[in-house]
Amino acid sequence: MSTSIETQNRLEIRKVTARIGALVAGVDIGKELDGETVAVLRAALNEHKALVFDDVDLDDEGQQRFARHFGELTTAHPTVPSVEGTPNVLPVDSERGRANHWHTDVTFVVNPPQASTLRSIVVPPYGGETLIANAAGAYRDLPEPLRLLADSLWAEHTNDYDYAVPEESVDEEKARQRAVFTSITFRTAHPVVRVHPLTGERGLFIGGFAQRIVGLSTAESRKILDLLQSCVTRPENILRWRWSPNQLVLFDNRITQHYAIDNYDGRPRRLNRVTVAGDVPVGIDGKSSYSIAGDASHYTTVV
């Protein structure tokens, strides 16, 4: 879709870092957006991977309305309960667990969300930043021998990602949270290098739910995954966002990873998440991801 000069001039899109992130002004995302505005925002998301909107006037309904401009919504999560009475909204609440590990949302299903929105509800007085990493920048930086290796690999993703944590180190509340998170076990094979369906960019599609390289042992897999992961999380690839009240961040779940820093001394921290249904990932050879275990049809349709 072509966009008018007027629409492009009205929106101010300012880069936050060289590789990832932009602040967007000149649009009220609490209102229904016209097609031209959505097209400009989609193009900005393709380029910057993460967009930040300040001083938003949104409730849960408004956040869902904004996210729907980019596609059909998923339910809140395949296993974790939603906000009561709002099946598409997930409370990312420090009282319900902390996602302080690098991951891409819900990669343990065959078609993870294409995009995620996070809206600040309760912000701690310090800390609590969200890190978002550019997986395409990481891929471009790989030395050729490592890039050729990554191109050939597939990884198995599972929501039972913390199985290696000794049971004796898990307290009663964490054990309850783990039981909910793993109440349905999902296992899916994805290409380690995913081709973005809109831009054609290649990105490392791994993160915390990727537990094993197909065809390798767990120990062998861990060494390779750790090496590739270290490329994703280089400081140059990362946006470190310090939350303020009434902000929304939209990020491309197909070509980023994120991490919520646990550095706020247990103070209350709450974001609400709404995700947009995505397509089945495709590798550079044109082959699609495939499900090994777990039916996620209650969570998302296949786009």
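See the structure above.
Each value, and the rule that gives it
Residues numbered from 1 in each chain as written. Predicted model: local features only at pLDDT ≥ 70, side-chain atom pairs only at ≥ 80, totals over all residues. Heavy atoms only, no water. Helix = DSSP H or I, 4+ residues; strand = E, 2+ residues; numbered from the N terminus. Rg over C-alpha atoms; globule rule 2.2 N^0.38 Å. Buried < 20%, exposed > 50% of the residue type's maximum accessible area, 1.4 Å probe, protein only. Contact = heavy atoms within 4.5 Å. Areas by Shrake-Rupley, 256 points an atom, 1.4 Å probe, with all protein chains shown as cover. Lys, Arg positive; Asp, Glu negative; His and termini not counted. Charge placed at Lys NZ, Arg CZ, Asp CG, Glu CD. Polar contact = N/O pair within 3.5 Å; in protein donor to acceptor, adjacent residues only side chain to side chain. Core = buried A, V, L, I, M, F, W, Y, C linked by side-chain atoms within 4.5 Å. Salt bridge = Lys/Arg side-chain N within 4 Å of Asp/Glu carboxyl O. Pairing = 2+ DSSP bridges.

Q: Looking at this structure, how should I read the overall build of the protein?
A: Of regular secondary structure, the protein possesses 7 helices and 16 strands. Relative to the compact-globule value of 19 Å for 303 residues, the protein shows a C-alpha radius of gyration of 19 Å, a close match. Along the longest, intermediate and shortest principal axes, the C-alpha atoms of the protein span 55 × 45 × 35 Å. Buried positions account for 54% of the 303 residues belonging to the protein. When contacts within the protein are restricted to residue pairs at least 6 apart in sequence, those whose partners lie at least 24 apart make up 83%. When the accessible surface of the protein is split by element, carbon and sulfur atoms take 51% of a total near 13,300 Å². The positive charge centre, built from 32 side chains, and the negative charge centre, built from 40, are 3 Å apart in the protein.

Q: Just to check I follow, could you spell out the side chain of H103 for this structure?
A: Summarising the element assignment, H103 is placed in the loop between β4 (90-93) and β5 (115-122). For H103, a relative accessible area of 5% translates into the label buried. There is a polar contact of 3.4 Å between the side chain of H103 and the side chain of D105.

Q: Quick question: what am I supposed to make of the nonpolar core here?
A: Among soluble globular proteins, nonpolar side chains are generally buried collectively. Residues I29, L41, L51, F53, F66, L248 and L250 are the most contacted members of the largest nonpolar core, which totals 26 residues. For this core, the secondary-structure elements that each account for two or more residues are β2 (22-25), α2 (35-48), β3 (50-53), α3 (60-68), β13 (248-252) and β15 (270-276). Considering each element in turn, this core owes the most residues, 5 residues, to α2. When neighbours within four sequence positions are excluded, F66 is seen to be in contact with I29, L33, L41, F53, T117, L248 and L250. Of all hydrophobic cores here, the second largest spans 23 residues; its members include L131, L142, L204 and I206.

Q: Any chance you could explain the pattern of salt bridges here in plain terms?
A: Between side chains of opposite charge, a pair can form when the charged atoms approach closely. Counted according to the given criterion, the structure contains 15 salt bridges. Three or more residues are tied together by salt bridges with common partners; here these are R19, D141, R234 and E236.

Q: Sorry if this is basic, but what is going on with the pairing of strand β8 (residues 187-191) here?
A: Successive side chains on a regular strand alternate, one facing one side of the sheet and the next facing the other. By the criterion of burial, β8 is predominantly enclosed, with 4 of the 5 residues buried. Bridge count for strand β7 (residues 154-158) against β8 is 5 bridges, and the pairing is antiparallel. Opposite A155, over in β8, you have H190 as the bridge partner. Pairing of β8 with strand β16 (residues 290-293) involves 3 bridges; the strand directions are antiparallel. Note on β16: the bridge partner recorded for T188 is S291.

By themselves, these observations are geometric and do not establish any function.
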